[in-house]
Amino acid sequence: MYRITKEFHFSASHQLSHLPANHQCARLHGHNYIVVVELSAGELDEHGFVRDYHELQPLKRYINEAFDHRHLNDVFGHDRVTSEYLAKHFYDWCKERLPQTSAVRVSETPKTWAEYRP
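Thresholds, definitions, all that
Residues numbered from 1 in each chain as written. Predicted model: local features only at pLDDT ≥ 70, side-chain atom pairs only at ≥ 80, totals over all residues. Heavy atoms only, no water. Helix = DSSP H or I, 4+ residues; strand = E, 2+ residues; numbered from the N terminus. Buried < 20%, exposed > 50% of the residue type's maximum accessible area, 1.4 Å probe, protein only. Contact = heavy atoms within 4.5 Å. Areas by Shrake-Rupley, 256 points an atom, 1.4 Å probe, with all protein chains shown as cover. Lys, Arg positive; Asp, Glu negative; His and termini not counted. Charge placed at Lys NZ, Arg CZ, Asp CG, Glu CD. Pairing = 2+ DSSP bridges. Axes fitted to C-alpha atoms, helices over the stretch in contact; angles between N-to-C directions. Core = buried A, V, L, I, M, F, W, Y, C linked by side-chain atoms within 4.5 Å. Polar contact = N/O pair within 3.5 Å; in protein donor to acceptor, adjacent residues only side chain to side chain.

Engineer: How should I be thinking about the overall build of the protein chain in this particular structure?
Structural biologist: When helices and strands are counted, the protein chain shows 3 helices and 5 strands. For the protein chain, the α and β elements follow one another from N to C terminus as β-β-α-β-α-α-β-β. Within the protein chain, buried positions represent 39% of all 118 residues. A separation of at least 24 residues holds for 64% of the contacts in the protein chain among residues at least 6 apart in sequence. With an accessible surface of roughly 7,000 Å², the protein chain has 50% of that area assigned to carbon and sulfur atoms. The averaged location of the 16 negative side-chain charges in the protein chain is 4 Å from the averaged location of its 14 positive side-chain charges.

As structure tokens, then:
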């Protein structure tokens, strides 16, 4: 199995107001998110690729336009915008456009991440 990954960055705020008031994530706060998209294939295409990295540019545009320097609660219209939620959202977005998508990882900090891999 061949796998490739590409990393994207954006900064955004969110608030998980459904958590207890003393929970740090219940307060408005922000992260410098890292999104890593993984694509997999059993065979390479005629050019020797799983997928040309250039074909991931629409995801970069989508992230920059819809998420960068935004309040994620406003973007999604609810307050349950966790890393897990974002990983599934980006997975679904990518899978629709790039069938080789096999997983998406979203990091809020250098030491924490959530991954969606069906």
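Engineer: Would you mind going over the sheet that holds strand β5 (residues 112-116) with me for this structure?
Structural biologist: Sheet strands pair via backbone hydrogen bonds, and the direction of the pair is either parallel or antiparallel. The mixed open sheet is built from 5 strands, whose spatial order is β3-β1-β2-β4-β5. The sheet terminates laterally at β3 (70-71) and β5, the two strands that pair on one side only. Here strand β1 (residues 2-14) runs beside β3; their pairing, made up of 2 bridges, is parallel. Looking at the pairing, A12 lines up with R70 of β3. Lying over the sheet, helix α1 (residues 57-66) contacts β1, β2 (29-41) and β3, oriented at roughly 10° with respect to β1.

Engineer: Is there a simple way to think about the nonpolar core in this case?
Structural biologist: Looking at soluble globular proteins, one finds that nonpolar side chains tend to be buried together. With 26 residues, the main nonpolar core has F10, V35, V37 and F90 as its most contacted residues. Elements that contribute at least two residues to this core include exactly β1, β2, α1, α2 (72-76), α3 (83-97) and β4 (101-109). At 6 residues, α3 tops the list of elements feeding residues into this core. For V37, the residues in contact, after removing those within four places along its chain, are I4, T5, K6, F8, L56, L59, C94, T101, A103 and V104.

Engineer: So what exactly am I meant to see when it comes to the side chain of H31 here?
Structural biologist: In this structure, H31 sits in strand β2. In terms of polar contacts, H31 uses its side chain to reach the side chain of E108, at 3.4 Å. When neighbours within four sequence positions are excluded, H31 is seen to be in contact with F10, S11, A12, H14 and E108.

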